[in-house]
Amino acid sequence: MKTTVLTSIAILSILSAFSQDISGYWQGVLTQQGGIPNTYYPFSMALRQNGNAVDGTSEIRLSSDSVYFGTMSLTGTFDGSNFQFQEMGVIEELTGSAWAWCIKSGNLLYDGNLQKLEGPWLPLGCSPDTIEIYRLAVLSDTVFCAGQAIELQVTGQNVKWYSDEARNDLVATGNVFSPTISASTTYYVTQTHYDTESPAVPINVTISDPAITNTNTTPSGCQEPTGTISITADAGTGPLTYSIDGVNFQSANHFEGLEAGHYLIAVQDDNNCVDTQRVYVAESPPVAIESIEVVPASCSMQNGSASVLASEGGASLEYALNGIDFQGEGVFDGLSAGTYTVFVRDENGCLQSDTFVVNRVPPLSIASILSRPSVCGQSNGGMEIETEGGTGAVRVAVNGGAFQPVLSVEGLEAGHYTLDLRDEAGCAIDTLVTIAQTACPVFIPNAFSPNGDGRNDFFRVYPHPDFKGAFSLFRIFNRWGALIYEDQNFDPNTSGWDGRFKGQKLDQGVYIYFIRVEYENGETAIFEGDISIIN
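This text gives an overview of the structure that appears in the document. Quick caveat, the model's predicted, so the values are computed rather than measured.

**Side note on the overall build of the protein**
Next, step 1: Tallying secondary structure elements over the protein gives 0 helices and 46 strands in all.
Next, step 2: Computed over C-alpha atoms, the radius of gyration of the protein comes to 50 Å, more than 25% over the 24 Å expected from 2.2 N^0.38 for 535 residues, which places it beyond the range of a compact globule.
Next, step 3: Projected onto its principal axes, the C-alpha positions of the protein cover 135 × 90 × 40 Å.
Next, step 4: Among the 535 residues that make up the protein, the fraction classed as buried is 39%.
Next, step 5: Within the protein, contacts between residues at least 6 apart in sequence are counted, and of these 50% link residues at least 24 apart.
Next, step 6: Accessible surface, the protein: about 27300 Å² in total, of which carbon and sulfur atoms supply 47%.
Next, step 7: In the protein, 23 positive and 61 negative side-chain charges are present, and the distance between their average locations comes to 18 Å.

**Thoughts on the sheet that holds strand E46 (residues 524-533)**
Strand pairing in a sheet relies on backbone hydrogen bonds, with the paired strands running either antiparallel or parallel.
Next, step 1: The strand order across the open sheet built from 5 strands is E39-E46-E45-E41-E42, with neighbouring strands paired in mixed fashion. Every other strand in the sheet has two partners, leaving strand E39 (447-448) and strand E42 (483-490) as the edge strands with one partner each.
Next, step 2: Bridge count for strand E41 (residues 469-477) against strand E45 (residues 509-519) is 8 bridges, and the pairing is antiparallel. Paired with isoleucine 476 across the two strands is tyrosine 513, which belongs to E45.

**Comments concerning the environment of lysine 502**
Next, step 1: Residue placement: lysine 502 occurs in the loop between strand E43 (500-501) and strand E44 (504-505).
Next, step 2: Sequence separation of lysine 502 and leucine 170 is 332 residues, and the distance between their C-alpha atoms is 108 Å.

**Here we look at the state of the cysteines**
Next, step 1: Scanning the entire structure with this criterion turns up 3 disulfides.
Next, step 2: Disulfide pairing places cysteine 145 opposite cysteine 273 at an S-S distance of 1.8 Å. Taking the torsion about the sulfur-sulfur bond, which here is approximately -95°, the covalent link between cysteine 145 and cysteine 273 counts as left-handed. Of this pair, cysteine 145 sits in strand E11 (residues 143-145) while cysteine 273 sits in the loop between strand E24 (261-268) and strand E25 (274-281), and the two are 128 residues apart along the sequence.
Next, step 3: Judged by relative accessible area, which is 17%, cysteine 145 ranks as buried.
Next, step 4: Given a relative accessible area of 3%, cysteine 273 falls into the buried group.

**Brief notes about the environment of alanine 402**
Next, step 1: Relative to the elements of secondary structure, alanine 402 occurs in the loop between strand E34 (395-398) and strand E35 (408-412).
Next, step 2: Using a relative accessible area of 67% as the deciding quantity, one classes alanine 402 as exposed.
Next, step 3: Alanine 402 sits 12 residues away from glycine 390 along the chain, and the two C-alpha atoms are 20 Å apart.
Next, step 4: With near-sequence residues (within four places) excluded, alanine 402 lies in contact with Val396 and Ala397.

**Points about the sheet that holds strand E31 (residues 351-358)**
Next, step 1: Spatially, E28-E30-E31 is the arrangement adopted by the 3 strands of the open sheet, whose pairing is antiparallel. Looking at strand neighbours, the two that pair on one side only are strand E28 (317-320) and E31, the edges of this open sheet. Within this sheet the neighbouring strands show an average axis-to-axis angle of 25°, counted without direction.
Next, step 2: Alignment of E28 against strand E30 (residues 338-346), held across 4 bridges, turns out to be antiparallel. Following the sheet pairing, alanine 320 is matched in E30 by phenylalanine 343.

**A few points about the packing of aromatic side chains**
Next, step 1: One pass over the full model with this rule turns up 18 aromatic pairs.
Next, step 2: Seen in terms of ring centroids, tryptophan 161 and phenylalanine 177 are 5.2 Å apart; in terms of plane orientation they differ by 50°. Their pairing is tilted. Taken together, the residues span a long stretch of sequence, with tryptophan 161 in strand E13 (residues 160-162) and phenylalanine 177 in strand E15 (residues 176-177) at a distance of 16 residues. When sorted by exposure, tryptophan 161 lands in the same class as phenylalanine 177, which is buried.

**Focus on the pairing of strand E3 (residues 40-50)**
Next, step 1: Examined bridge by bridge, strand E2 (residues 24-31) and E3 share 8 bridges and lie antiparallel to one another. Bridged to threonine 31 within E3 is tyrosine 40.
Next, step 2: As paired strands, E3 and strand E4 (residues 53-61) are joined by 8 bridges and run antiparallel to one another. Across the sheet, residue methionine 45 finds its bridge partner in E4, namely serine 58.
Next, step 3: Connecting the antiparallel pair E3 and E4 is a turn made up of 2 residues, with glycine 51 showing a positive phi of about 70°.

**Looking at unusual backbone geometry**
Next, step 1: With a phi angle near 50°, asparagine 158 is a residue other than glycine that sits in the positive phi range.
Next, step 2: When you line up the elements, asparagine 158 lands in the loop between strand E12 (152-153) and E13.

**Concerning the pattern of salt bridges**
Next, step 1: Within this structure, the stated rule accounts for 10 salt bridges.
Next, step 2: A salt bridge links aspartate 55 to arginine 48; the nearest nitrogen and oxygen atoms lie 3.3 Å apart.
Next, step 3: Between lysine 116 and glutamate 118 there is a salt bridge, with the nearest N and O atoms lying 3.0 Å from each other.
Next, step 4: When salt bridges that share partners are traced, they join Arg372, Glu384 and Glu410 into one network.

What counts, and where the lines are drawn
- Residues numbered from 1 in each chain as written.
- Predicted model: local features only at pLDDT ≥ 70, side-chain atom pairs only at ≥ 80, totals over all residues.
- Heavy atoms only, no water.
- Helix = DSSP H or I, 4+ residues; strand = E, 2+ residues; numbered from the N terminus.
- Rg over C-alpha atoms; globule rule 2.2 N^0.38 Å.
- Buried < 20%, exposed > 50% of the residue type's maximum accessible area, 1.4 Å probe, protein only.
- Contact = heavy atoms within 4.5 Å.
- Areas by Shrake-Rupley, 256 points an atom, 1.4 Å probe, with all protein chains shown as cover.
- Lys, Arg positive; Asp, Glu negative; His and termini not counted.
- Charge placed at Lys NZ, Arg CZ, Asp CG, Glu CD.
- Pairing = 2+ DSSP bridges.
- Disulfide = S-S within 2.5 Å.
- Axes fitted to C-alpha atoms, helices over the stretch in contact; angles between N-to-C directions.
- Phe/Tyr/Trp six-rings, centres within 6.5 Å; stacked < 30°, edge-to-face > 60°.
- Salt bridge = Lys/Arg side-chain N within 4 Å of Asp/Glu carboxyl O.

Written out as structure tokens, the structure reads:
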């Protein structure tokens, strides 16, 4: 058995060095003959020891049910039998009248059997008397194997055992408690001295119960000593060790090189608690893989497959591509291109393996697209598509329409088109194709009359209604070549020259225009000519 050391409020187990250490929580009483307002007070110390040096705090209360208290810091020394201390001052206090807490020093005798500190204290301006305090300490083991009889023993005075920290459920009293439990449990222990019950101290009782949850065996290698046993276990305390003879244990849970036969497997934890089970390693005839049919992967996807046919071995065969996840049939779908190892296992665990390759069909791709423009405003454009790779015949759909088996499209007007192509394996690609438009005519008048009568007052450009493109530059020059009007990226429906230069109406005469047009297909056209002002 191992002993558990509990640190909450320093409840300790009795170890070989325990007699030389008084760290922990001590609780009891301080008496004061002729004291005011009482002659005895609930008193406690929380101590920490480092070598012979001791420090910590002390607390005194007016009574067990009073809210008035005083907490002092202290230092001292412990030589193994005597604890000499001196309180340094008040850390926190609550008093209800004019009296004050005494600052104390003392020399207390240590009783290791009773876990008691007792002796006189000397006051500073107070009447002296004695201190008697006890420490709760675990004397017994707190870790037990499942099914083992449990006996818990602690030091302390008037000990009470609770199932809850709030001390609502009292389950036992006294220094010895023998509960009947099947799972790890925490009890909360107090001691009472002079009608003052100490704070609850937890004692964690651990039920160590290692359990074999699963075993996996493979046969003795088809008449070869290659059987294996794998053990799965949980619970218990600390790292588990494993055995297949109940005597020799190891940290690994897997055993190899076993002959066919019966084995006693065992799992043991740090507390020497053991669970055992018998398993049988079988012996099987060899498994034979007869054929593997492979369907290649296409579309750069995981859609290849393999069908494995095996015989011999046990009556029931299982198949796996990874040696772990076995299935009842030798068909594997959803495979990407690559090399695989297939494992076949019979009902006795005898294995056989073989490798196969899933090839990749060249992916479907577009080799070329030849597009023909449509005549201005008409639906007489078209395209021819050539593809490479893929599986079987290829079909095409335009702008989400129905798929057709002919890779040519006619009767298209100018614009953008989305092509979806799909082969017989379902591999699909898409692309965007633009059908250009041959240049639509642009009408440019040769005269206008900017006389303000509301008719023909502006020199404008008049494109065909189906024109697709942009007007990027519009310039007017006089007969001497001077620039008198310019507009860029203009809308021909709203922009034009009003026959003025710098706000002044120009004389009747002939002027030169320069217009640049950029068509949607990327071509550029320049229009130059004469425009006459007629007043």
